Amino acid sequence: MRCYIWGKCINGPDAHYEGGEICVFDYVEVTGISLFEMDRMLENEARVYGDKRYHILVEEYGFRRLWHDKELYAYCADYLDYGRRVDLYIEVSFAEILRLQMGYDYEEDDYDDDYVLEGGINGESEEHNGCNSDASSGEFSGKDSDYEMEEEDDDDYEDNVDQNVEWLGIENQVEEERKMIAKGKMIAAAQRDIGSDSESDVDNSDVDAAPDSESDFESLHGSGDEQCRKPPMFNPKDMHNPKIKLKQYFSNFKEFKEAVRTWNIKRGRPFKFVKHDKVKVMAKCPREGCDWYIYARKLSGEGSVQVRTFQKKHKCGFSYHNESVRSSWVAKNYCETVRENPRLDLKSFTNKVMKENKCFLSKYQGYRAKRAATKIVQGDETDHYKKLPDYINEIKRSNPGTTVIMKVVDGYCDAVTRQQKFQRLYMCFSGVKQGFLAACRPIFGLDGTFLKGPAGGVLLTAVGVDPNNGFYPIAYAATEGETKDSWMWFLTLLREDLQIERDYEWTIMSDKQKGIIQACEAVFPNCDHRFCVKHLHSNFSVAGFKGTTLRRALWKAAKATTLAKFSTKMRELAEIDIEAAKWLGTKQPIEWTRSHFRTFSKCDMLLNNICESFNSKILHAREEHIVGLMESLRHYVMTRLQQNRDMAKSKWKKLKFCPRIMKRVKKNMDMATQCFPIKSNDDDYEVGCPYGETYCVNIKERMCTCRKWDLTGIPCSHAISAIWIARKDPMDFIDQCYSVEAYLKCYANCILPVNGEHDWTHTHVTPPLPPTYGRAPGRPKKLRKKGEDEIQQKKEKGNKMSRVGQVIKCNYCGEKGHNKRSCNIRKEQLENAATEGTQATHSASQQVGSCTELFEISLNEASSQTGADTTVDNQCVNTCSGPAKTIARKGAKRTSVLSLENIVLPNQRKTKAQRSQRQNMASTEDIISSAPTPELNLHQVSNIPLPQMPYMSQPDPVQVPNFHIRDTKSCTITNITGGQSAGGSSNG
């Protein structure tokens, strides 16, 4: 809504709005809009006071004034269909305010001049409605009567009738006039304050102070014509964006402090409570130079809190990093966000808070805020278990015949509260079990899935198969885990609900989870127990039999429907891997292959997909508390029953059998065209197949030697070819358990609705304590842990294939399953070699140290005798090897004392100190080499023996080469006889 204010409407050939400015209101609710509502919006948001007249610009007619609320609503409603934008042209006059405040008695002409300009059509002033003389021809008209009125009647109407009475009523008109008088006084006072403040040096226009004494406060509420309206009470619904005013009332200090915090956060300003006691609260801005503050006091005798002093504006600037934003405040204000979207991720939650409040929120603040908000929404865990007795009673009341059993821990009783501890909760609705017994086949699947709520545990489920081969939830129970005891307790209750007496006619499908096999053998000793082939293949792969070839061979054996075909497929598997065939030989064929299945259930399922499909539909429910979990499951099952029932009634009217069954029959019909039946009599036929197989069919007994018809109740391709030869319809030979009529019987019953928590009957039963089995340690897993055979291969890049699934072989030890880099044997040998090398290096270092000391003593003696530096010829020194060569070079070139730190052994890195010392030594050698060398007395050093090398331990003694000392002046070379070492080694 675009409002043109502070200008005038000019009518004429080119009607336009002269002067003023535009004020835009977004998201305006059209329903209930009125002229009074527009006055309130303009005064509160745009500070537009005074008497206002509203006009609209109509093409070919000019400006039209809106006199009534119904005209404004009609105009706004018409523009909702196109554009969704409304333009209002407003003329403002202060004539009424001047008359009320200053006693200015204006004339009618002056009043009109405040709204319209002269120079309208034909140079005459316009009428009060801002339109041309033909007002009745426009879309909106100011006439309310059914007859034509004279001009004198119009003047009387304007002078004596108040337009507001028409919608306010006579009783409310007096109160409205008082409001206008108070509003005028406030405007006059504000104008006086502005005038006085402009002349003063200090700007205190933003400081509002209420009278401190009770007498002054009571004077504001006097009786008679001078009585003013009581200041408004703060509405808690406005806490998300509060508007704090002077003299405003709050229910308590907590509400006031929360409003102050939100008010400052929304404006990006910090604050601090500097005083808070039983009587008063004061807050101020902690930044220097900012004098913002607010003061509130508790009223005696009322208990409410009133704002007494309020400095409205901060002098400090906006701050994006506002320390007033805390995780507790975010949690309280964004509870509804978490309730509407419990799976909102942390990043989206943090971005939403920062965007709406223009503040910074760290990752850890967001995490704590989201966790606190979730706790507020879900409540305490103990509170949920306190509701269980009343919830169970409400379920039984609303759905008679429903089985709801809660079991507590045996022998546990709290010493203080005398409460027992929750262990299990079983639920099976009467409508569900009636539909299952009426039309479903005697087969159901069992499975357990982890609960991810605060208490943890496992959800045990029993799921049947409906006539359309879809899953049909029967019963479920929240337990402590998948144990033999929990499964036996669950299956015992399930057997009672389903009234199973002849268990040999029933079939159970499950995986080999903990406790299921033992529990089924105890509760259903005579029933068929099938195992999911998918889980069987997972165990097959873990045993070491991997690869696509073995997987396909396993599935071919599982899908074989006859004993002969099963034997053939097992022989083919043995040819691929004899050990794999032996491993499968340890499994009972009745548990995993169709060739050994019995025909009571009319179902040839090899997978437990019915349970897996149900578990995939309740992912969100598994994260809730116990009552929320049961309610989510009830809602899902109730909705599924209703949706399937409505779908069958509306879309399957012309079908005799369910769509999935018809699709399977059509596939068999396509294959039947390739069969060659031979009639033996009216019932028996011999059917040949394109690949050489031959089967016998009896259409009266509905049997085929391929056993597909016997297992499922749906005619196979061989049976359909024989039925065609008998001139009969294959649809008449489909078992009635697949009919649409049976489907409607299955979903005819329903789960009746349940009252909310506020209407539950209190049972006076002691509620249980929360369980202690708890959740698994670590972060809760969102995805199921996949088996080794379920790992998806990475996308192939270029011409290189992925190596996922390939069996690798170690080149070091020759074993399968790892490579050379991860070989443990190689790692152990490398560690042993490193240990031995460290010990040898330490021993060699000690020997080199002792040798170095001996050589230093010899050099010192030579230096003291000659008093000059000596150098060693590189060509002669190179004849040495290993540490001997290093010692000889360093000892001959330097007269300084050598240390062990200067000797670097092989495979040893130099330290920083050694490199620095090495550079200093090099610079010293350059200085020595450039200085003049005195003459060396060769006779004094000719008898110096070389030090012995004790660390060079070899059996055969080695003669150390002679050192040649050169006279730097005469360039004459003299031999020095070296001593024998105990041994020499190039690797010493």
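Each remark here, short or long, concerns the structure printed above.
Note that this is a predicted model, so its numbers are computed, not measured. Along each chain, residue indices are assigned from 1 in the same order as the chain's sequence is written. Residues qualify for local features only when their pLDDT is at least 70, as the model is predicted, and side-chain atom pairs are given and counted only at 80 or more; totals for whole chains, interfaces and linings, by contrast, use all residues. By convention in this description, side-chain values take in all heavy atoms of the structure and omit both hydrogens and water.

Secondary structure summary: the protein chain contains 33 helices and 26 strands in total. Classification of the 988 residues of the protein chain by burial places 41% in the buried group. Should any heavy atoms of two residues lie within 4.5 Å, those residues are counted as being in contact. Looking at the protein chain alone, contacts between residues at least 24 apart form 64% of all its contacts between residues at least 6 apart. Using the Shrake-Rupley algorithm and a 1.4 Å probe, accessible areas are obtained, with residue cover drawn only from the displayed protein chains. Just so you have it, the protein chain exposes about 57400 Å², and 49% of that area is on carbon and sulfur atoms. We count a stretch as a helix when DSSP gives it H or I for four or more residues in a row; a strand needs E for two or more, and each element gets its number in order from the N terminus. Working definition: with a 1.4 Å probe on protein chains only, accessible area under 20% of the residue-type maximum means buried, over 50% means exposed, and in between means partly exposed.

This part is about the sheet that holds strand E5 (residues 51–58). If you walk across this open sheet you meet the five strands as E4-E1-E7-E5-E6, and the pairing is mixed. Unpaired on one side and paired on the other, strand E4 (21–24) and strand E6 (62–65) mark the two borders of the sheet. Strand-to-strand, the axes of this sheet are offset by a mean angle of 35°, without reference to chain direction. Strand pairing requires that DSSP identify at least two bridges connecting the strands. Where helices are involved, their axes are fitted lines through C-alpha atoms of the stretch in contact, as for all axes, and angles between N-to-C directions lie from 0 to 180°.

To continue, consider the pattern of salt bridges. Salt bridge, as used here: a side-chain nitrogen of Lys or Arg that lies within 4 Å of a carboxyl oxygen of Asp or Glu. For the structure on display, the rule yields 24 salt bridges. In this structure, the salt-bridge partner of Glu336 is Arg339, at a minimum N-O distance of 2.6 Å. Linking Glu336 with Arg339, this pair stays in helix H11 (residues 335–340), spanning three residues, or about one helical turn. Take Glu336: its relative accessible area is 47%, and that puts it in the partly exposed class. Across the pair Asp604 and Arg664 runs a salt bridge, and its minimum N-O distance is 3.1 Å. One end of the pair, Asp604, is in the loop between helix H22 (578–585) and helix H23 (609–617); the other, Arg664, is in helix H25 (residues 659–672), and 60 residues separate them in sequence.

The phi torsion at Arg727 lies on the positive side, around 60°, for a residue other than glycine. For His764, which is not glycine, the phi torsion reads 60° and is therefore positive. As for its position among the elements, His764 is in the loop between helix H28 (740–746) and helix H29 (824–866).

Checked against the element boundaries, Asp414 lands in the loop between strand E14 (403–408) and strand E15 (422–428). Along the chain, Asp414 and Pro768 lie 354 residues apart, while their C-alpha atoms are 9.9 Å from each other. In contact with Asp414, other than residues within four places in its own chain, are Gln419 and Leu769.

If you trace the four strands from one edge of the open sheet to the other, you get E21-E22-E23-E24, paired in antiparallel fashion. The strands lining the two open edges of the sheet, one partner per strand, are strand E21 (676–679) and strand E24 (703–704). The strands that helix H27 (residues 717–725) touches are E21, strand E22 (684–688), strand E23 (694–698) and E24; relative to E22, the one it contacts most, it runs at about 125°.

Moving on, we get to the side chain of Thr507. Examined against the element boundaries, Thr507 turns out to sit in strand E19 (residues 507–510). Not counting residues up to four positions away in its chain, the partners in contact with Thr507 are Pro442, Ile443, Phe444, Asp528, Arg530 and Ser601.

Turning our attention to the environment of Met703. Its place among the elements puts Met703 in strand E24. Judged by its relative accessible area of 43%, Met703 is partly exposed. Separated by 12 residues in sequence, Met703 and Pro715 have C-alpha atoms that sit 8.7 Å apart. Residues in contact with Met703, not counting those within four places in the same chain, are Cys696, Val697, Asn698, Trp709 and Asp710.

Now for a nonpolar patch on the surface. Only residues whose relative accessible area exceeds 30% and that take part in no salt bridge are eligible for patches, with like-charged residues grouped when within 9 Å of each other and nonpolar side chains (Val, Leu, Ile, Met, Phe, Trp, Tyr) grouped when within 5 Å. A surface patch of nonpolar side chains, amounting to about 290 Å² of accessible area, comprises Phe318, Tyr320 and Phe360. Residue Phe318 is classed as partly exposed on the basis of its relative accessible area, which comes to 46%.

In this section: the packing of helix H20 (residues 548–559) against helix H21 (residues 563–576). At a minimum axis distance of 8 Å, the contact between H20 and H21 shows a crossing angle of 165°. Taken together, H20 and H21 sit at an angle that is classed as roughly antiparallel. Considering only the axes of H20 and H21, their crossing is left-handed. Facing Thr549, Leu550, Ala553, Lys556 and Ala557 of H20, the residues of H21 in contact are Phe566, Lys569, Met570, Leu573 and Ile576. For classification, angles of less than 35 degrees are called roughly parallel, those exceeding 145 degrees roughly antiparallel, those between 65 and 115 degrees roughly perpendicular, and all remaining angles oblique. Handedness of a helix crossing follows the sense of rotation of the near helix relative to the far helix, less than a right angle counterclockwise being left-handed and clockwise being right-handed.

Okay, the nonpolar core next. To qualify as a nonpolar core, a set must consist of buried Ala, Val, Leu, Ile, Met, Phe, Trp, Tyr and Cys residues joined through side-chain atoms within 4.5 Å. Residues Phe490, Leu491 and Leu494 are the most contacted members of the largest nonpolar core, which totals 84 residues. At eight residues, the largest contribution of residues to this core is made by helix H24 (residues 626–651). When sequence neighbours within four positions are dropped, the list of residues in contact with Phe490 reads Tyr426, Leu446, Leu460, Thr461, Ala462, Ala475, Tyr476 and Ala477. Membership of the second largest hydrophobic core comes to 23 residues, among which are Cys3, Cys23, Leu42 and Leu66.

Structurally, the α-helix is built with 3.6 residues per turn, so residues lying three or four positions apart point the same way. The end-to-end C-alpha separation of helix H9 (residues 253–266) is 20 Å, in line with the 20 Å expected for 14 residues at 1.5 Å each. Among the 14 residues of H9, 11 are classified as buried, and the element is accordingly described as predominantly covered. Of the residues making up H9, those classed as buried are Phe253, Glu255, Phe256, Glu258, Ala259, Val260, Arg261, Thr262, Trp263, Asn264 and Ile265. What qualifies as a polar contact is a pair of N or O atoms within 3.5 Å, subject to a donor-acceptor requirement within protein and to the restriction that residues adjacent in sequence count only when both atoms come from side chains. Looking at where H9 begins, the residue whose side-chain oxygen comes 3.3 Å from the main-chain nitrogen of Lys254 is Asn252. Phi turns positive one or two residues past the end of H9, at Gly268, with a value near 70°. Expected helix span is computed as 1.5 Å times (number of residues minus one).

Take H23 next. Looking only at H23, the buried set comprises Ile610, Cys611, Phe614 and Asn615. For H23, the arc enclosing every buried residue in end-on projection is 135°, short of the 170-degree limit, so these residues lie on one face. Residues of H23 that are buried make contact with strand E16 (443–450), strand E17 (458–465), strand E18 (471–479) and H24. What the arc measures is the spread of directions leading from the helix axis to the C-beta atoms.

Bringing the packing of aromatic side chains into the picture now. Aromatic pairing here means that ring centres of Phe, Tyr or Trp (its six-membered ring) are within 6.5 Å. Orientation follows from the plane angle: under 30 degrees is stacked, over 60 is edge-to-face, and everything else is tilted. Under the defined criterion, the tally for this structure stands at 31 aromatic pairs. Plain terms: the ring middles of Tyr504 and Phe600 are 6.2 Å apart, the flat faces sit at 75° to each other, and that makes the pair edge-to-face. In this pair, Tyr504 is assigned in the loop between helix H17 (484–498) and E19 and Phe600 in the loop between H22 and H23, connecting sequence segments 96 residues apart. Judged by its relative accessible area of 34%, Tyr504 is partly exposed. Over a ring means this: the NZ of a Lys or the CZ of an Arg is within 6 Å of the ring centre and within 35 degrees of the ring normal. Here the guanidinium or amino end of Lys257 rests over the ring plane of Phe273, the centre of that ring lying 5.0 Å away. It is Arg530 that lies over the ring of Phe597; its NZ or CZ is 3.9 Å from the centre.

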